[in-house]
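Observations on chain architecture
Each chain, letter by letter, is given below.
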Amino acid sequence: MNTDAAVTFTGVTKTYGAVRAVDGLSLALHPGETVALLGPNGAGKSTTLDLLLGLRPADTGDVRVFGLSPRDAIVRGRVGAMLQSGGLMDEVTVRELVQLAVALHPKPYKTDDVLSRAGITQIADRKVNKLSGGQEQRVRFALATAGDSDLIVLDEPTTGMDVSARQAFWATMREQADQGRTVLFATHYLEEADAIADRVLVLHRGRLLADGTAAEIKAKAGARKVSFDLEGPLDEAGTAAIEALPFLTSVDISGQTVRIQSTDADATVHALYGLGVYPRNLEVAGLGLEQAFVAITEAEEAKSR
């Protein structure tokens, strides 16, 4: 067991009937890391977070948080969590709810500081059932950071927030990581993972498919984007010739603009000139994280067919 790690999963499995939601998962997260947990629906993200927070027991394997069981780590105040599931108390004010979270935390912050950090001071006297979706998310964040926790776990934290609120939220999360805390977040906003995370974990069918920096995940996809413009629209034969270029993984032809993905961009462009086509505004670039994520998971799906 890695006693220096913030979190360790060792050979963890969890099944629901015939569905294996987590399948032999092993990983370690370290203090000060900001880690994005990605995966398509049904990949096992929520179950992984539930296991980490002691909300469900593992069928096999072991989960440790700072060397402790998840429940013991939470009782000691070492973990703060912001989950999508579970409602908020309705007939109380935001301040009263935060005061309760502060009172329950073993290492609490001051209520006014918690409200300020979450950007909800102005709505502190509003009833919780009168909040917008984005405001509810900020209240959940306040509850997750009501005390001095070493690990902060966030499930789709910025859902419902506008752009400015999302930016302010992630600025606060960077501060938390800079202070040595581990931040683990699951998100569908892949641009957030690309911009925020030191490390990206890609889950698929309960297994860890990729683990690395955003740049390493993009490189793992192996493909590059090639885009260019033509002098005029393609006829049927020209379209067929473009689609037959070597090493393509996808083709998008819109009028005079062609966008393709290739596992060997140099060979593809060489073959393009071999067709007698002279592209204008030719650009070759690496995949974005979202495109790499799709490429990696689609490749894994193809293996299982």
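First, a word on what this report is: a plain description of the structure on this page. Bear in mind that the values here come from a model prediction, so they are computed numbers and not experimental data. (Residues numbered from 1 in each chain as written. Predicted model: local features only at pLDDT ≥ 70, side-chain atom pairs only at ≥ 80, totals over all residues. Heavy atoms only, no water.)

**Overview of the overall build of the protein chain**
Of regular secondary structure, the protein chain possesses 11 helices and 13 strands. Counting only C-alpha atoms, the protein chain reaches 75 × 45 × 35 Å along its principal axes. The 305 residues of the protein chain split such that 46% are buried. By sequence separation, contacts in the protein chain at least 24 residues apart represent 67% of the contacts at least 6 residues apart. With an accessible surface of roughly 14700 Å², the protein chain has 48% of that area assigned to carbon and sulfur atoms. Taking the average location of the 31 positive side-chain charges in the protein chain and that of its 40 negative ones, the two points are 6 Å from each other. (Helix = DSSP H or I, 4+ residues; strand = E, 2+ residues; numbered from the N terminus. Buried < 20%, exposed > 50% of the residue type's maximum accessible area, 1.4 Å probe, protein only. Contact = heavy atoms within 4.5 Å. Areas by Shrake-Rupley, 256 points an atom, 1.4 Å probe, with all protein chains shown as cover. Lys, Arg positive; Asp, Glu negative; His and termini not counted. Charge placed at Lys NZ, Arg CZ, Asp CG, Glu CD.)

**Topic: the pattern of salt bridges**
Note that side chains of opposite charge can pair when their charged atoms are close. Per the counting criterion, the structure on display carries 17 salt bridges. Between Arg140 and Glu136 there is a salt bridge, with its nearest N and O atoms 3.9 Å apart. Here Glu136 and Arg140 lie together in helix H5 (residues 133-144), a separation of four residues that amounts to about one turn. Classification of Glu136 as partly exposed rests on a relative accessible area of 26%. The shortest N-O distance in the salt bridge between Arg166 and Glu192 comes to 3.0 Å. Taken together, the residues span a long stretch of sequence, with Arg166 in helix H6 (residues 163-178) and Glu192 in helix H7 (residues 190-196) at a distance of 26 residues. Both residues of the pair, Arg166 and Glu192, belong to the buried class. Here the salt bridges do not stand alone but share partners, grouping Glu33, Arg199 and Asp211 into one network. (Salt bridge = Lys/Arg side-chain N within 4 Å of Asp/Glu carboxyl O.)

**Observations concerning the side chain of His204**
With respect to the element layout, His204 can be found in strand S8 (residues 199-204). In contact with His204, other than residues within four places in its own chain, are Pro40, Ala43, Leu209, Thr297, Glu300 and Glu301.

**Quick notes on the side chain of Thr158**
As for its position among the elements, Thr158 is in the loop between strand S6 (151-155) and H6. A residue is classified by how much of its surface remains accessible, and Thr158, at 1% relative accessible area, is buried. A distance of 2.7 Å separates the side chain of Thr158 from the side chain of Glu192, its partner in a polar contact. (Polar contact = N/O pair within 3.5 Å; in protein donor to acceptor, adjacent residues only side chain to side chain.)

**A look at the pairing of strand S9 (residues 207-212)**
Pairing between S8 and S9: five bridges, direction antiparallel. Considered in S9, the bridge of Val200 is made with Gly212. (Pairing = 2+ DSSP bridges.)

**Concerning H6**
With 16 residues, H6 should cover 22 Å at 1.5 Å per step; its first-to-last C-alpha distance of 23 Å lies within 8% of that length. Residues of H6 that are buried include every one of Ala165, Arg166, Phe169, Trp170, Thr172, Met173, Gln176 and Ala177, and no others. With its buried residues spanning 155° around the axis, H6 presents them on a single face. Of the exposed residues in H6, those oriented more than 90 degrees away from the buried face are Val163, Gln167 and Asp178. Count one or two residues on from H6 and you reach Gly180, which has phi positive near 95°. (Expected span 1.5 Å × (residues − 1). Arc of directions from axis to C-beta.)

**As for the environment of Leu289**
Summarising the element assignment, Leu289 is placed in helix H11 (residues 289-304). Judged by relative accessible area, which is 3%, Leu289 ranks as buried. Sequence spacing of Leu289 and Val200 is 89 residues, and the spatial spacing of their C-alpha atoms is 9.8 Å.

**Considering the packing of aromatic side chains**
Summed over all chains, the structure comprises four aromatic pairs. Judged by centre distance (5.0 Å) and plane angle (85°), the rings of Phe169 and Trp170 are edge-to-face. Aromatic ring contacts, followed pair by pair, group Phe141, Phe169, Trp170 and Phe185 into a single cluster. In this arrangement the basic side chain of Arg78 is found over the ring face of Phe66, its NZ or CZ atom lying 4.0 Å from the centre. For Arg117, the ring lying beneath its charged end belongs to Tyr109, and the centroid distance is 4.7 Å. (Phe/Tyr/Trp six-rings, centres within 6.5 Å; stacked < 30°, edge-to-face > 60°. Lys NZ or Arg CZ within 6 Å of the ring centre and 35° of its normal.)

**Some words on unusual backbone geometry**
Unlike most non-glycine residues, Phe247 shows phi in positive territory, near 70°. Of note, Phe247 is situated in the loop between helix H9 (236-243) and strand S11 (248-254). When its relative accessible area of 43% is taken as the criterion, Phe247 is described as partly exposed. In this structure, Asn281 is a non-glycine residue whose phi angle is positive, near 55°. Topologically, Asn281 is positioned in strand S13 (residues 280-286).

**A closer look at the sheet that holds S11**
Taken in spatial order, the four strands make up an open sheet running S11-S12-S10-S13, and their pairing is antiparallel. At either end of the open sheet lies a strand with only one pairing partner, and these are S11 and S13. Here the strands of the sheet are splayed against their neighbours by 10° on average, with no regard to which way each runs. Bridging between S11 and strand S12 (residues 257-262) involves six bridges; their strand directions are antiparallel. (Axes fitted to C-alpha atoms, helices over the stretch in contact; angles between N-to-C directions.)

By themselves, these are just geometric observations and shouldn't be taken as functional.
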